[in-house]
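# Examination of the molecular architecture
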Amino acid sequence: MCGIVGYVGDGEAARFLLEGLTRLEYRGYDSAGIAVYDGEKIRIEKSVGRLSELKKKIAGDMPKGVCGIGHTRWATHGRPSDTNSHPHADCAGDFVVAHNGIIENYMTLKEKLIEKGHRFVSETDTEVLPHLLEEVYDGDFESSVRKVVTMIEGSYSLVFMSRRDPGVLICTKQDNPLIIGLGSGENFIASDIPAIINHTRRTYIMSDGEIAVVKKDSVWVTNNQGEPVTKKVFEVNWNAEAAEKGGYEHFMLKEIHEQPKAVRATLSSRFAKDGSSVVFDELKWNVDFLKSIDRIFIVACGTAYHAGLVGKYYIEKMARIPVECDIASEFRYRSPIVDDRTLTIVVSQSGETIDTLAALKEAKRLGSRTLAVTNVVGSSIARDADQVVYTWAGPEIAVASTKAYTTQLIVMLLIAIYMAELKKSMPEARIRELIEGAKNIPAQISETLEDTEPIKTFAKRYGFNEDVFFIGRSLDYDVALEGALKLKEISYIHAEAYAAGELKHGTLALVKEGIPVIALATQRSVYEKTLSNIKEVKARDAIVIGIAEKGDEELSKYADHVIYVPEADELLIPLLAVVPLQLLAYYAALTRGCDVDKPRNLAKSVTVE
Ligand code: M6R
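Residues numbered from 1 in each chain as written. Predicted model: local features only at pLDDT ≥ 70, side-chain atom pairs only at ≥ 80, totals over all residues. Heavy atoms only, no water.

### Observations concerning the pattern of salt bridges
Our working definition: For salt bridges, the criterion is a side-chain nitrogen of Lys or Arg within 4 Å of an Asp or Glu carboxyl oxygen. Secondary structure elements follow DSSP: runs of H or I of four or more residues count as helices, runs of E of two or more count as strands, with numbering from the N terminus. Residue burial is assigned from relative accessible area. The probe radius is 1.4 Å, only protein chains are included, and a residue is buried under 20% of its type maximum, exposed over 50%, and partly exposed in between.
In the structure shown here, the tally under the stated rule is 42 salt bridges. Arg332 serves as the salt-bridge partner of Asp355, at 2.7 Å between the closest nitrogen and oxygen. Of this pair, Asp355 sits in helix α12 (residues 354-365) while Arg332 sits in the loop between α11 (328-331) and β17 (342-348); the two residues are 23 residues apart in sequence, bridging distant segments of the chain. Judged by relative accessible area, which is 13%, Asp355 ranks as buried. Under the relative-accessibility criterion, Arg332 is labelled buried at 18%. Members of the salt-bridge network, linked through shared partners, are Arg295, Glu324, Asp326 and Arg334.

If you want it as structure tokens, here you go:
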């Protein structure tokens, strides 16, 4: 995830900027840059790769000055490169901007600015910002930034610096974190607390729409109407390690809570203005392309494979194209029937998983068209596939995948709707219904995260059981597989997921008194069937924890406990039902004293076979 820092005071700005960015390195990034006003001009230095590359580049010739901004970039628009790194400048080099997030309407703004003669050098959405400022600047830095903010749509935290207004930084935010560190004779700006913790613990936490004018001895904050805001000082009492985790005990918990934001970012810019259809600028497929495909393979590993299973269900249901979902390490060695009428979709958070990469290469060798769904811009899989759709989850640090999964599900849903639109295989009204439902998902995930107490209690109560079963039908089964994987990988409890209808074909023999069975019953079309499977395990004295939609009054009659998730479309509910399972795994691991973020024997990115 990108990181922002800003400094204004009497000290050497570059020194603080580099130190602050170093403290944000844990968030993941692919390039870095700083801009410092030296009393005459703004000097910008950027470099792709680690911060050490930037430090090497300017060693012996550090930009001099007492006011500056810096950034570590996690690429979204445009590959990682020196040019695409932030800060970005306008044509004259008078204004520079560092940005986290996404400017959704940047293409339209960019076209207009180019018409007016502005010259763009990068592929980023961010670069429109300094050019917009150049365009509207009327001598009043603050009101000009305010104008720029009214022109942009999206989610962002921004810091602006102007050569014409020395000693002033202006920052603002929308749906992205931003804080101001209050020093004495110096002030700091950062996207995250660790960047400033060595300098001050007194902060202002910026709210959406607020604009702050930051000078060395003052901070002036106004709301989006321009009215002054009296901010309360927030004293940070976390240590540096806790600050990196945003106050959460583990990265996994932080990432579970980041899901609403990650899903919102992944959905952004992917709907037509009137909400009637899905837009994929990166694909630009047409009906002939779809007609030329007679089968789809979705290939991935682990959690990404589980997202692929949901993707198979979506595409078959909506676009009526046969889909096979396969584990990458199987696919690559089993002579799959693939030719030039096949589309192979590989799914990978890291974009570096060796089996998935090899499967992609094999599919290409056999003549398949290929599409990558990945979270890392410029990763090997992104580079190798014919086309790429990115999830915008931001870096995932915990080994256990959480926000990557929910964003992969959203991308799968969007791809399926997009195909259905092209093929006209689903009524328009149903498409609108799903789009509306998808837009609600971030808020509904937040709602699911509101009350975690019952889940903590179950985890404590059942956390030491050696076996746990997960059951469900249809999409509930796919989510059950992910729930079981989460539990086993971080709590080391033996957990297995079964299609509920399969129980009586063997597994029921294992069900005995006291065995916890997590039963997902969110799929209305198979609800009664699932209920009878729940009765089967209950009759063997299992302890049933049900996952159901709010308003379900039936399940509690048969289950020992029920965790409710908000009501949603049957196709969308996996995005909600998985959340309590992630939390259950997390709290079970905690109860058992496991190393949640770094489970034994596992690595975040599996780059060896
Ligand atoms: O980076 P990828 O999505 O390709 O990784 C695939 C799996 O290794 C990964 O999902 C793994 O299963 C996770 N640890 C699960 O939480």
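Resuming the write-up.
### Remarks on the nonpolar core
Basically, it comes down to this: Residues grouped as a nonpolar core are buried Ala, Val, Leu, Ile, Met, Phe, Trp, Tyr and Cys residues, joined through side-chain atoms within 4.5 Å.
With 127 residues, the main nonpolar core has Trp285, Ile296, Ile315, Met318, Ile345, Met419 and Phe470 as its most contacted residues. Core analysis: the second largest hydrophobic core is formed by 25 residues, Phe95, Val145, Val149 and Ile170 among them.

### Description of the sheet that holds strand β15 (residues 295-300)
Going by this rule: In this description, strands pair whenever DSSP reports at least two bridges between them. Every angle, taken between N-to-C directions, lies between 0 and 180 degrees, and every axis is a line fitted to C-alpha atoms, over only the stretch in contact when it is a helix. We call two residues in contact whenever any of their non-hydrogen atoms come within 4.5 Å of each other.
With respect to topology, 5 strands assemble into an open sheet ordered β16-β15-β17-β18-β19, the strand pairing being parallel. At either margin of the open sheet sits one strand with a lone partner, and together these are β16 (323-327) and β19 (387-390). For this sheet, the mean angle separating the axes of adjacent strands, direction not counted, is 20°. The pairing of strand β18 (residues 369-374) with β19 spans 4 bridges and is parallel. Counterpart to Val373 in the pairing with β19 is Val389. Packed on one face of the sheet, helix α10 (residues 302-319) meets β15, β16 and β17 and runs near 175° to β16.

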